[in-house]
Amino acid sequence: MSKIFVDACLGKETPYTPVWMMRQAGRYLPEYMEVRAQAGNFLNLCHDPKKACEVTLQPVDIVGVDAAILFSDILVIPDEMGMDLEFIKGFGPKFNDPIKTNADIDRLIGGEEAASKLTYVYETIELIKKELADDKALIGFTGAPWTLATYMIEGEGTKTYNICKKMMYSNPALLHKILAKVTEVVKFYMEKQIQAGIDVVQIFDSWAAAIEPSKYDEFSWKYMVEIADYLKAKYPHIPIIMFPKGIPAFLDKVYGNFEVFGVDWSTPMALAKEKLGDKYVLQGNMEPCRLYSKEMTTECVESLQKTMGTKRHIFNLGHGILPDVPVENAIHFVKECQRVSKK
């Protein structure tokens, strides 16, 4: 059975424009909060294939999206490379041993050895595929090497990225060494996700906007393209989505062998279509806070439909859904996307 989301990624005709939401398996769903409470904490939930499978499937059943996205976290990669990760309630992720020197990166596990430790992720994918309806796609994902490196170097989330960027300008060789090592792990990690059964890959560069335009390709995009090239050489049938957040100023510098470009909410969709619409299917890009209002949601969905038409587009938010959004508003978004785009 064909999957509408996969067909849309490949630019094929679909009966309506498919829709999913970043962070759709998450805290806005009471059902998710119940499972998370049973798990004890966020990392335990990521490590438990049965529970991770359950929360992955929840938004498909409850909200009606056209694709499930694997429930996990981007930071399981550096965690399994040997870094000391903890999630602190009210604070977020923290690495107690951030990378500062060549010796710090040398002690980390690399390549296929690190990727092979993420067995719980691959088991989760296998469980999801057994339960997911045949017409629904499963999206696997990874953080981009730059986004992963920011956490590994800063040790936690940051608003200034000053430690990373100090390294970028004063010791670029060390930053490239970190990025190259992470890239190798990500290649094998995504390959193993594909082997376990995912239908589409998304690479998130959540912190793309932290890099000035003249340095973006060198320190982020080229590594994302390297991952895409590796996967395309082996799995040409698997669509790849690139999502760099906050780069409207350098859309014309986007290149690479992938199918879908994720457009964040700060980028006008018409601009993305003008610059990239001939080369890539575009995904996005409703401002997530519009979900607080059904009226504002409908306004945006209709505007996106007017801009994009019924081809080469996937409805999504321009970043992740927020925890206090009413579930009925998320359902309204999905139904409106389907209503305006039905052929």
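Structure shown above.
Residues numbered from 1 in each chain as written. Predicted model: local features only at pLDDT ≥ 70, side-chain atom pairs only at ≥ 80, totals over all residues. Heavy atoms only, no water.

**So, empty space enclosed by the protein**
Point 1. Under the definition given, this model contains one cavity of 30 Å³ or more.
Point 2. Every residue lining the largest cavity is listed: A8, K12, T14, Y16, T17, P18, V281, T310, K311, R312 and H313.
Point 3. The class makeup of the residues in the lining of the largest cavity is four nonpolar, four polar and three charged. (1 Å grid on protein atoms, 1.4 Å probe; cavity = no way out; pocket = protein on both sides within 12 Å on 5 of 7 lines; lining within 4 Å. Points joined across faces, edges and corners; volume = space filled by probe spheres on them. Nonpolar A, V, L, I, M, F, W, Y, C, P; charged D, E, K, R; others polar.)

**Concerning the pattern of salt bridges**
Point 1. In this structure the tally under the stated criterion is 18 salt bridges.
Point 2. Taking the shortest distance from any N to any O, the salt bridge between K51 and D48 comes out at 3.5 Å.
Point 3. Across the pair D199 and K129 runs a salt bridge, and its minimum N-O distance is 3.1 Å. On the criterion of sequence distance, the pair formed by D199 in the loop between α11 (172-196) and β5 (200-205) and K129 in helix α8 (residues 119-131) is long-range, its members being 70 residues apart.
Point 4. One continuous salt-bridge network, built from bridges that share partners, spans D97, D104 and R107. (Salt bridge = Lys/Arg side-chain N within 4 Å of Asp/Glu carboxyl O. Helix = DSSP H or I, 4+ residues; strand = E, 2+ residues; numbered from the N terminus.)

**Description of the pairing of strand β2 (residues 85-88)**
Point 1. Where β2 lies against strand β3 (residues 92-95), four bridges are found, and the strand directions are antiparallel. Along β3, the bridge assignment pairs E86 with K94.
Point 2. Where β2 hands over to β3, the hairpin turn is made up of three residues, of which G90 adopts a positive phi near 80°. (Pairing = 2+ DSSP bridges.)

**Considering unusual backbone geometry**
Point 1. In this structure, N285 follows G284 across a cis peptide bond, with omega equal to 0°.
Point 2. Following the sequence through the fold, N285 ends up in the loop between β8 (281-283) and α14 (294-308).

**Examining a negative patch on the surface**
Point 1. A cluster of acidic residues, E31, E34, E54 and E131, forms a negative patch on the protein surface.
Point 2. Tracing the chain through its elements places E131 in helix α8. (Patch = residues over 30% accessible without salt bridge, like charges linked within 9 Å, V, L, I, M, F, W, Y side chains within 5 Å. Areas by Shrake-Rupley, 256 points an atom, 1.4 Å probe, with all protein chains shown as cover. Lys, Arg positive; Asp, Glu negative; His and termini not counted. Charge placed at Lys NZ, Arg CZ, Asp CG, Glu CD.)

**Description of the state of the cysteines**
Point 1. The tally for this structure, following the rule as stated, stands at zero disulfides.
Point 2. Cysteine C9 shares no disulfide, and the gap to the nearest cysteine sulfur, in C337, comes to 15 Å.
Point 3. Taking relative accessible area as the criterion, C9 reaches 1% and is therefore assigned buried.
Point 4. The cysteine C53 is free of any disulfide, with C46 supplying the nearest cysteine sulfur at 14 Å. (Disulfide = S-S within 2.5 Å. Buried < 20%, exposed > 50% of the residue type's maximum accessible area, 1.4 Å probe, protein only.)

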